[in-house]
Amino acid sequence: MPELPEVETIKTILDDIVKNKTIKSIKILRDKNILNDPGFFVSSLVGQTFLNVSRIGKFLIFHLTSSLVIISHLRMEGKYFEGKVGDPVEKHDICIYEFTDGTTLRYNDVRKFGIIKLSKEDTYLNEPPIDNVGPEPFSITKEELYEGLKKKSGPIKEALLDQSLIAGLGNIYDDEVLFATKINPKMEANKVTLEQCQAIIDESIRILNIAIKNGGSTIKSYHPKEGVNGLMQNNLLAYGHGNEPCSRCSFPLRKIFIGGRGTVYCPRCQKEEGKPLIIGITGPIASGKSTISSYLKDKGYEVIDADKIVDSIYKNNDFGQDLQVFLGDIYENNQINRTKLLDKMIEDASFKKDFETRIHNRVFSIIKDKISKSKSDKIVLDVPLLVPSPIEELCDLIIMADAKEEVRKNRLIERGKDPEKAFKLNKTFQRGKTIAHSGLVIDTNGTKKELIAKLDSLNLF
Ligand SMILES: [Zn+2]
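These numbers were taken from a predicted model, which means no experiment stands behind them.

### Observations concerning the overall build of the chain
Next up, step 1: Counting its regular elements, the chain contains 15 helices and 17 strands.
Next up, step 2: Taken over the C-alpha trace, the chain has a radius of gyration of 29 Å; the compact-globule value for 461 residues is 23 Å, which it surpasses by more than 25%.
Next up, step 3: Overall size of the chain, expressed as C-alpha extent along the three principal axes, is 90 × 45 × 40 Å.
Next up, step 4: Classification of the 461 residues of the chain by burial places 34% in the buried group.
Next up, step 5: Sequence-distant contacts in the chain: of pairs separated by 6 or more residues, those separated by 24 or more amount to 67%.

Next up, the structure:
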């Protein structure tokens, strides 16, 4: 979706295209995107001349003779194209302005969310949709922003997207501004300080100005003009860089979802005060997870170990009546018969899946509880099946320990375990997905000593 710098760039290009052009006729190909009666829209505009184009927030304002204005919002993927009268109508064309000089301006919208509205110079600022556009970073005061954010519930990332509070920050520049100000995107908006508001305004102005100078960011839904590309994507430090090292501190940037929007931040530079840094460690069986978690324990991290939680659930029969019933004869003499359980899990895949879901949900709620009660400011979650799980979203960094099957097999034999059985039980581990979700994938094929040297050399913990 184009944001303020992209719309500003499009505005400048459109201004060049339409200035002093007179409308000869208008083709409307999709009524729904025009907020006026289509007949009224066409009859009011034919014979009028474009004077110039301006911008308010992410709205384009075309100013015409007879004090008319056309308000246009591109939403997800609206695009304008220059053309000539007689050019074939393209798929997803919404509206074509034909000018007396034989050229055209075509509005095309693949997603069809864009809007076009005809209004008058003396009223449009006080009518929807413009009346609800808040001040831009260039004009808002820190007190205004502070008062607005104090009234919000939910994370600051989401609050800054509210165009009625502050206009012009979309998903890209919101991430960039929070990165620059070192504010965690998950921080409750109403916890913001006046100093942070000043920083948000200062950084928004700085970043938006650089973006405007660069013609915006070229991302898939943005097109300023045929052959013209924005270059701001080369200056983005957070957006689009999930799992890459932070440009300030080298810690892997984390991508999460806030209000359904992909959000990238540095867990270390943007650490939320009073909240622990949480590192999840995962990997297949015998991949060296425990070496990594004990390394971090030595560095002062509190370790929460999912396998130990499972053990204690079994030992203390801490899983409730319904699981006892589900287990049938595997639950005997008031406890789980572990041998029978493992055998059943190996032979019956659907039983295994069902049982794991039940036990994992219990483990996850215990982990969440332990985190909320922890006094530590850095926590390690050692969770074999972390990806995918509801625990993932709690992590600031996911580390995957990755070792070849052959290496893991030898380790299992050394531990006196049956590798065939162990691998069958570990079949649910999703290697590809885990790699994609991990900020760090560590090759753990070497010795313990080599792994520790590798962790030392990362210099991250
Ligand atoms: Zn950083």
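### Observations regarding the packing of helix α8 (residues 306–315) against helix α11 (residues 349–373)
Next up, step 1: Running from N to C, α8 and α11 point in directions that differ by 115°, and their axes come no closer than 10 Å. Relative to α11, the element α8 lies roughly perpendicular. Every pair of crossing elements has a handedness; the one defined by α8 and α11 is right-handed. Side by side, α8 and α11 meet where A306, I309, V310 and I313 of the first sit next to I359, R362, V363, I366 and I367 of the second.
Next up, step 2: For the contact of α8 with α11, the residue count by class is eight nonpolar, no polar and one charged.

### Some points on the sheet that holds strand β1 (residues 23–28)
The strands that make up a sheet are held in pairs by hydrogen bonds between backbone atoms, and each pair lies either parallel or antiparallel.
Next up, step 1: On the basis of which strands lie adjacent, the open sheet formed by four strands has the order β1-β6-β7-β5 and antiparallel pairing. Sheet topology places β1 and β5 (78–84) at the edges, where each strand pairs with a single neighbour. Within the sheet, the average angular offset between the axes of one strand and its neighbour, ignoring direction, is 15°.
Next up, step 2: Across seven bridges, β5 lies against strand β7 (residues 103–109) in antiparallel orientation. The residue of β7 that forms the bridge with G78 is D109.

### Observations concerning helix α9 (residues 320–327)
Next up, step 1: Counted residue by residue, α9 has zero buried out of eight residues, so it is predominantly exposed.
Next up, step 2: At the exit of α9 stands G328, carrying a positive phi of roughly 60°.

### Thoughts on the domain arrangement of the chain
Next up, step 1: You can read the domains of the chain as domain 1 (4–131), domain 2 (142–240) and domain 3 (277–458).
Next up, step 2: With seven residues, the single largest contributor to the side of domain 1 that touches domain 2 is helix α1 (residues 4–18).
Next up, step 3: Partitioning the side of domain 1 that touches domain 2 into residue classes produces five nonpolar, two polar and five charged.

### A short note on unusual backbone geometry
Next up, step 1: With an omega of 0°, the peptide bond between P128 and P129 qualifies as cis.
Next up, step 2: With respect to the secondary-structure elements, P129 resides in the loop between β8 (115–120) and α3 (142–150).
Next up, step 3: Cis geometry is found at the peptide bond from V387 to P388, where omega equals -5°.
Next up, step 4: Positive phi values are uncommon outside glycine, yet N243 reaches one of about 75°.

### Some points on the environment of L412
Next up, step 1: Residue position: L412 is located in helix α12 (residues 405–414).
Next up, step 2: Looking at L412, the number of C-beta atoms within 10 Å reads 18, which means it is partly exposed.
Next up, step 3: In this structure, L412 is in contact with A286, K417, P419 and A422, ignoring residues within four places of it in sequence.

### Let's talk about the environment of P185
Next up, step 1: Examined against the element boundaries, P185 turns out to sit in the loop between α5 (171–181) and α6 (194–213).
Next up, step 2: Linking P185 and D311, residues 126 residues apart in sequence, is a C-alpha distance of 36 Å.
Next up, step 3: Excluding anything up to four places from it in sequence, P185 contacts P155, I156, K157, L178, I258, T263 and Y265.

### Re the packing of α1 against α6
Next up, step 1: One can describe the packing of α1 onto α6 by two numbers: an axis separation of 8 Å at closest approach and a directional angle of 35°. Read as a crossing pair, α1 and α6 show a hand that is right-handed. Residues L4, P5, E8 and T9 of α1 touch α6, and the partners they reach there are L208, A211 and I212.
Next up, step 2: Among the residues forming the contact of α1 with α6, the class breakdown is five nonpolar, one polar and one charged.

### Concerning the sheet that holds strand β11 (residues 277–282)
Next up, step 1: Here five strands make up an open sheet; going across it, the order is β12-β15-β11-β16-β17 and the pairing parallel. Looking at the sheet topology across the chains shown, the edges are occupied by β12 (302–305) and β17 (440–443). Along the sheet, successive strands turn relative to each other by an average axial angle of 20°, direction set aside.
Next up, step 2: Of the strand pairs in this sheet, strand β16 (residues 397–402) and β17 are connected by four bridges, and their pairing is parallel.

Rules and cut-offs
Residues numbered from 1 in each chain as written. Predicted model: local features only at pLDDT ≥ 70, side-chain atom pairs only at ≥ 80, totals over all residues. Helix = DSSP H or I, 4+ residues; strand = E, 2+ residues; numbered from the N terminus. Rg over C-alpha atoms; globule rule 2.2 N^0.38 Å. Buried ≥ 20, exposed ≤ 12 C-beta atoms within 10 Å, placed from the backbone. Contact = placed C-beta atoms within 7 Å. Axes fitted to C-alpha atoms, helices over the stretch in contact; angles between N-to-C directions. Parallel < 35°, antiparallel > 145°, perpendicular 65-115°, else oblique. Left-handed = near helix turned anticlockwise from the far one by under 90°. Nonpolar A, V, L, I, M, F, W, Y, C, P; charged D, E, K, R; others polar. Pairing = 2+ DSSP bridges. Domains from an automatic or database assignment.

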